[in-house]
Amino acid sequence: MSDQTTATHPAAAVRVVHAACPHDCPDTCAIRVTLEGERVVRLQGDPDHPTTHGALCTKVSRYVERVTHPERVLQPLRRVGAKGEGRFEPVSWDEALSDIAGRLKAIAARDPEAILPYSYAGTMGLVQGESMASRFWHRLGASRLDRTICAAAGGEGLLQTYGAKMGMHLEHFAESRLILIWGSNSIASNLHFWTYAQAAKRNGAKLIAIDPRRSETAEKCHQHIALMPGTDGALALGLMHELIVNDWLDHDYLAKHVEGWPELRERALQWPPERAAETCGLAADEVRGLARDYGTTAPAAIRLNYGMQRVRGGGNAVRLIALLPCLTGAWKHRAGGLLLSASGWFKRVRNDAVLERPDLLAGRQPRTINMSTIGDDLLNPGSAAFGPKVEAVIVYNSNPVAVAPDSAKVVAGFQREDLFTVVLEHFLTDTADNADYVLPATTQLEHWDVHTSYGHTYLLINEPALAPAGEARSNAEIFRQLAAKMGFDEPCFADDDLTLARQALVPSVDFERLRRDGWLKLDLPEAPFAEGGFATPSGRARATVPGLPLPDFVPNHESARSTPELAARFPLAMISPPARNFLNSTFVNVKSLRAIEGEPLLEMHAGDAAARGLADGSMVKVFNDRGEHHCLLKVSPRARPGVVHGLGVWWRKLGRNGTNVNQLTHQGLTDLGGGPSFYDCLVEVAALPVAA
Ligand SMILES: Nc1nc2c(c(=O)[nH]1)N[C@H]1C(S)=C(S)[C@@H](COP(=O)(O)OP(=O)(O)OC[C@H]3O[C@@H](n4cnc5c(=O)[nH]c(N)nc54)[C@H](O)[C@@H]3O)O[C@H]1N2
Ligand SMILES: Nc1nc2c(c(=O)[nH]1)N[C@H]1C(S)=C(S)[C@@H](COP(=O)(O)OP(=O)(O)OC[C@H]3O[C@@H](n4cnc5c(=O)[nH]c(N)nc54)[C@H](O)[C@@H]3O)O[C@H]1N2
Ligand code: SF4
Ligand SMILES: [Mo]
């Protein structure tokens, strides 16, 4: 397991194990775990890994506190109380798996599509993600899940424009002269990028944050452009207008490497700064100034993040923003261009078909269910268009009852008496509370994995440092044993976790070197699109895409512009970006981190609070037609007028009235990719009577 054994006393031999941070974070840090015997004495960022540079964030520095948490689920549990109550009795693995297999077989005999897997990125590992699990679902012929909950709109926008999820190297931001930090609270959610942005700043670069919220990051930039949520596409068009009329264009780059420029040019000319500013809730001079900075500084880089695409027009906005560096030719320099996601680079080293075995579908094409509408889907009685009613759902690496939009529906769905629910988890989350069976899963310190990244370009390994706690088993092991109980006898169901880790990567990857060093850098061009070479069929970036309309500003599902009657009743736009010390709903139960975050709160501008007679620190109800969430009001300069922030994602059961912000969000989807629109949500806020 270890490669750097320093023998001291035999009982307390010190070993160092290479690990990787499993969380859904663009930084994918390389971790060194130092063990004395079976005890972790140190967990640190790998100082040799260039982008981790020895530092982990506050959350994962406390990872051991999570692994050894007294509330960890360490035995299989069977429900004894009502759904949602969270009362369980321990059962043996054999009993749990036999019963689960029996239930699944009975449903599958009628229609395997009535069974739904539900998973996301609780771990980003290829092995404990969709390896054995995928094989299992493919063999069973279960419904497929469209994993849209985070990045679908922006991912699709990027794919349509560049042909792949590719962009600048993280390290090169240190050399940029201008960085637009767009829809990203980097200090909270992309800390290692911030290190490079700081280096650029020390070298004289200007940093500009584009974000409705004056985040920890925005307040440390030279400038903050606080636009209204969901108006980024209009801002991009306004910038293009200025780039055109001032001729801050790279005509050569446009001619050679961009498809559809004449059409886009014509559209952008309809967006003078005044129009863009009015749409975005900005001053026209802010748009002009930003365009001047972007058009006249080289190299100019954009760190775009997924925060800005959780609105109806998120896909179009990403298409437009991704074209900005093509207008100016910023791509010609390695420190110019854009980074939204780097995940596409890893296609060359991943072996998904071998790992996930879609061939086990044997020609069947089960329906696909969008995870972002799980509320409606669990409540659907079945129809010709939808297919069979969902009768069983198996959840792993996700906590949908807390994180999916429109909680009232999600909860009602998961509490259906006739739904059979199995949850693989570390803790009794809001979702696990609704399970018929909870199965104890291993943490990152207890299992094998390999990791790609969406924020950098290194492959990482995770070797187990500890034996599984209690009776915990890895996700892959649980699906392997469930497959055996189902009678799936194809040889691939016998592959162990280390074999899966090897199979996850193409044979040309030097797996032994990966184990020795902990990480491997992909061999990629320095300035990927300096001379075009986009991953589209023509090799050019696409302003026009066959079958899609020309990119445009798409207003929110809910806004004064698109739904004035609704906005009259619910005049505040609510966004619910991540809290710095949680990772989605993970870590909410780690006491030292929860102590920093305090309790669920809503940030509001002083003017909006005064207009409602609301005092800082008072209890409020945040509400709309979907529900009501009670929390603490924080009157804060982080909020602009008209926008409130409910930082997420808390566990519902820790909320004052047993809810979190997703009680208010809706299931409306994005323009591209079928993603959720978490930050496209109108609410009103009122005082709560003080409890007697
Ligand atoms: N600490 C921490 N880190 C995380 C996470 C976490 O929960 N906590 N989550 C992880 C996950 S799942 C992801 S997907 C990644 C990326 O996660 P992101 O969601 O990109 O996270 P943030 O960087 O916080 O970016 C959100 C920022 O976008 C802003 N924003 C909201 N609406 C708009 C808008 O309409 N336009 C613009 N321009 N900005 C808007 C918010 O105010 C916030 O500052 O981060 C990961 N890292
Ligand atoms: N209102 C609002 N809602 C949001 C967001 C927002 O910004 N605002 N952000 C959205 C985004 S970007 C995302 S990505 C989603 C994230 O939603 P999820 O993917 O559901 O992420 P988490 O809430 O972190 O839940 C992951 C769960 O997986 C479990 N887990 C971790 N590792 C393992 C493992 O190895 N095995 C098993 N079996 N379980 C494991 C953890 O204990 C945790 O409970 O939430 C979305 N929801
Ligand atoms: S959550 Fe992000 S910053 Fe923190 S250790 Fe993991 S990868 Fe690094
Ligand atoms: Mo995400």
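For the structure, see preceding data.
Quantities reported herein were computed from a predicted structural model and do not represent experimental measurements.

Cut-offs used in this document
Residues numbered from 1 in each chain as written. Chains lettered and ligands numbered in written order. Predicted model: local features only at pLDDT ≥ 70, side-chain atom pairs only at ≥ 80, totals over all residues. Heavy atoms only, no water. Near = heavy atom within 4 Å. Nonpolar A, V, L, I, M, F, W, Y, C, P; charged D, E, K, R; others polar. Phe/Tyr/Trp six-rings, centres within 6.5 Å; stacked < 30°, edge-to-face > 60°. Helix = DSSP H or I, 4+ residues; strand = E, 2+ residues; numbered from the N terminus. Buried < 20%, exposed > 50% of the residue type's maximum accessible area, 1.4 Å probe, protein only. Pairing = 2+ DSSP bridges. Core = buried A, V, L, I, M, F, W, Y, C linked by side-chain atoms within 4.5 Å. Contact = heavy atoms within 4.5 Å. Polar contact = N/O pair within 3.5 Å; in protein donor to acceptor, adjacent residues only side chain to side chain. Areas by Shrake-Rupley, 256 points an atom, 1.4 Å probe, with all protein chains shown as cover. Domains from an automatic or database assignment. Axes fitted to C-alpha atoms, helices over the stretch in contact; angles between N-to-C directions. Parallel < 35°, antiparallel > 145°, perpendicular 65-115°, else oblique.

### Some remarks on the site of ligand 3
Step number 1: Around ligand 3, the neighbouring residues are C21, C25, D27, T28, C29, L56, C57, K59, V60, H192 and L583.
Step number 2: The class makeup of the residues in the shell around ligand 3 is 7 nonpolar, 2 polar and 2 charged.

### Comments concerning the packing of aromatic side chains
Step number 1: All told, the structure shown has 19 aromatic pairs when counted by the stated rule.
Step number 2: Considering the side-chain rings of F136 and F479, the 5.6 Å spacing of their centres and the 55° angle between planes classify their relative orientation as tilted. Highlighted residues: F136 in helix α4 (residues 132-140) and F479 in helix α18 (residues 475-486), separated in sequence by 343 residues. Per residue, the accessibility class of F136 equals that of F479, and both read buried.
Step number 3: For the pair W137 and F479, a centre-to-centre distance of 5.6 Å together with 70° between the ring planes defines the contact as edge-to-face.

### Here we look at the pairing of strand β2 (residues 30-36)
Working note: regular strand, side chains alternate between the two faces of the sheet.
Step number 1: In terms of residue burial, β2 counts as a mostly covered element, since 6 of its 7 residues are buried.
Step number 2: Across 7 bridges, strand β1 (residues 14-20) lies against β2 in antiparallel orientation. Note on β2: the bridge partner recorded for H18 is R32.
Step number 3: In the sheet, β2 pairs with strand β3 (residues 39-45) via 6 bridges, with the strands oriented antiparallel. Following the sheet pairing, E36 is matched in β3 by R39.
Step number 4: Hairpin geometry of β2 and β3 is characterised by an intervening segment of 2 residues between the two adjacent antiparallel strands and by a positive phi of about 60° at G37.

### Examining the nonpolar core
Within soluble globular proteins, side chains that are nonpolar generally end up buried alongside one another.
Step number 1: Judged by nonpolar contacts, the single largest core of 177 residues is most densely connected at L104, F136, W137, W182, L235 and V450.
Step number 2: The greatest single-element share of this core, amounting to 9 residues, is contributed by helix α13 (residues 314-328).
Step number 3: Setting aside its immediate chain neighbours within four residues, L235 contacts W182, I210, L227, C280, L282, V287 and L290.
Step number 4: Formed by 29 residues, the second largest nonpolar core is a distinct cluster that contains L56, A465, A579 and L647.

### Comments concerning the site of ligand 1
Step number 1: Taken together, 34 residues form the shell around ligand 1, and within it S189, D211, D232, R310 and F582 come nearest.
Step number 2: With respect to ligand 1, the backbone of A188 contributes an N or O atom lying 2.8 Å from a nitrogen atom.
Step number 3: At a separation of 2.7 Å, a nitrogen atom of ligand 1 approaches a polar side-chain atom of D232.
Step number 4: Its free accessible area being 890 Å², ligand 1 has 99% of it covered by the protein chains.
Step number 5: Grouping the constituent residues of the shell around ligand 1 by class yields 19 nonpolar, 8 polar and 7 charged.
Step number 6: Both domain 2 (153-340) and domain 3 (564-687) contribute no fewer than three residues apiece to the shell around ligand 1.

### Section: the packing of α4 against α18
Step number 1: Remark: α4 packs on α18, axes separated minimally by 8 Å, with the N-to-C direction vectors making an angle of 25°. Put simply, α4 runs roughly parallel to α18. For the pair formed by α4 and α18, the contact residues are M132, A133, F136, W137 and L140 on the first element and A476, F479, R480, L482, A483 and M486 on the second.

### Considering the sheet that holds β3
The strands making up a sheet associate through hydrogen bonds between their backbones, and the pairing can be parallel or antiparallel.
Step number 1: If you trace the 3 strands from one edge of the open sheet to the other, you get β1-β2-β3, paired in antiparallel fashion. At either margin of the open sheet sits one strand with a lone partner, and together these are β1 and β3. When the angles between neighbouring strand axes are averaged without regard to direction, this sheet yields 25°.

### A few points about unusual backbone geometry
Step number 1: Here the residue pair A298 and P299 is connected by a cis peptide bond, since its omega of -10° sits within 30 degrees of zero.
Step number 2: As for its position among the elements, P299 is in the loop between α12 (284-296) and β12 (300-304).
Step number 3: Each neighbour pair has its own omega, and for G648 with V649 the value is -20°, a cis peptide bond.
Step number 4: Of note in this structure, T28 is not a glycine but carries a positive phi near 30°.
Step number 5: For T28, the location among the structural elements is in the loop between β1 and β2.
Step number 6: In this structure, H53 is a non-glycine residue whose phi angle is positive, near 35°.
Step number 7: With respect to the element layout, H53 can be found in the loop between β3 and α1 (58-61).

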